[in-house]
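# Close look at the chain arrangement
Residue-level listing of the chains:
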Amino acid sequence: MTRKTDEVVCQNPECVYCLKAEGKAVIKRGKYKTGHQRYYCKHCGKFFMETIGTAVYRKHLSGTEIKLIYRLFLEKNGIRSIERITGHHRDTISNLLKGTVKNEKTEEYLVKQIGMTADECEKLWVLLEIKRNSSRKSP
C-alpha cells in the first residue's frame, strides 16, 4: 500500500508550499533503486522521497530488508546474527536501529509501508529503549 500523490506535500523548508496542502504541485517522478517512491515539487524544483522524516531515510535498504531486520530484532536476535541472516554489515544494522526513534511519521511508515502491526511497533519501541538504556550504563 503506497501513499496517494494527493496526500504528499513538499518537504523542502525553503519552499513556499512546504508542508501545505493548498496550492501544491507534487508529482511522482520515478523510484529509487531501493523501491521507495521519488517525488518532485514543481514550485521549488526539489526532489524528495516518501521516507523523509522517518528512521529509514537515506538508509539504502528496501522495504523488505527493513522489515526483515526489524522482525529479527523483535525476535531478540543479536546484531551479528541479523548480519549473518540478512547479509548486511553490522554497522548498517546498528545504524538503522540506533536511528529508529518513536515518532508519528516513523510509526506510520512502519505500519502502512512496511506492513508491521501496531503491536510489533510498540514492542520495537520498548526493545530499542531497553537497548539504549543498557548500552548507556555499561562502561
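Refer to the preceding data block for the structure.
Summary of the structure given here. These numbers were taken from a predicted model, which means no experiment stands behind them. (Residues numbered from 1 in each chain as written. Predicted model: local features only at pLDDT ≥ 70, side-chain atom pairs only at ≥ 80, totals over all residues. Heavy atoms only, no water.)

For the protein chain, the count of helices and strands is five helices and three strands. Helices and strands in the protein chain line up, N terminus first, as β-β-β-α-α-α-α-α. The long-range fraction of contacts in the protein chain, counting pairs at least 24 apart against all pairs at least 6 apart in sequence, stands at 46%. (Helix = DSSP H or I, 4+ residues; strand = E, 2+ residues; numbered from the N terminus. Contact = heavy atoms within 4.5 Å.)

Strand direction decides the pairing type here: strand 1 (residues 26-31) and strand 2 (residues 37-41), joined by four bridges, are antiparallel. In the strand pairing of strand 2, Lys-31 is matched with Gln-37. Here strand 1 folds back onto strand 2 in antiparallel fashion, the turn holding five residues, of which Gly-35 has a positive phi close to 100°. (Pairing = 2+ DSSP bridges.)

On to the pairing of strand 2, then. Sheet faces and side chains relate simply in a regular strand, where the side chains alternate between the two faces. With four of five residues buried, strand 2 lies mostly within the body of the structure. Linking strand 2 to strand 3 (residues 47-49), which pair antiparallel, is a turn of five residues; within it Gly-45 sits at a positive phi near 75°. (Buried < 20%, exposed > 50% of the residue type's maximum accessible area, 1.4 Å probe, protein only.)

Attention shifts here to the nonpolar core. With 21 residues, the main nonpolar core has Tyr-70, Phe-73, Leu-97, Leu-110, Met-116 and Leu-124 as its most contacted residues. Those elements that provide at least two residues to this core are helix 1 (63-74), helix 2 (79-86), helix 3 (90-99), helix 4 (104-114) and helix 5 (118-137). With six residues, helix 1 is the single largest residue contributor to this core. The contact partners of Leu-97, leaving out residues within four places of it in the chain, are Tyr-70, Phe-73, Ile-79, Leu-128 and Arg-132. Grouped together as the second largest cluster of nonpolar side chains are eight residues, Cys-15, Cys-18, Val-26 and Cys-41 included. (Core = buried A, V, L, I, M, F, W, Y, C linked by side-chain atoms within 4.5 Å.)

With that settled, the discussion passes to unusual backbone geometry. Even without being a glycine, Lys-76 presents a positive backbone phi close to 65°. Its location among the elements puts Lys-76 in the loop between helix 1 and helix 2. The exposure class assigned to Lys-76 is exposed, which follows from its relative accessible area of 66%.

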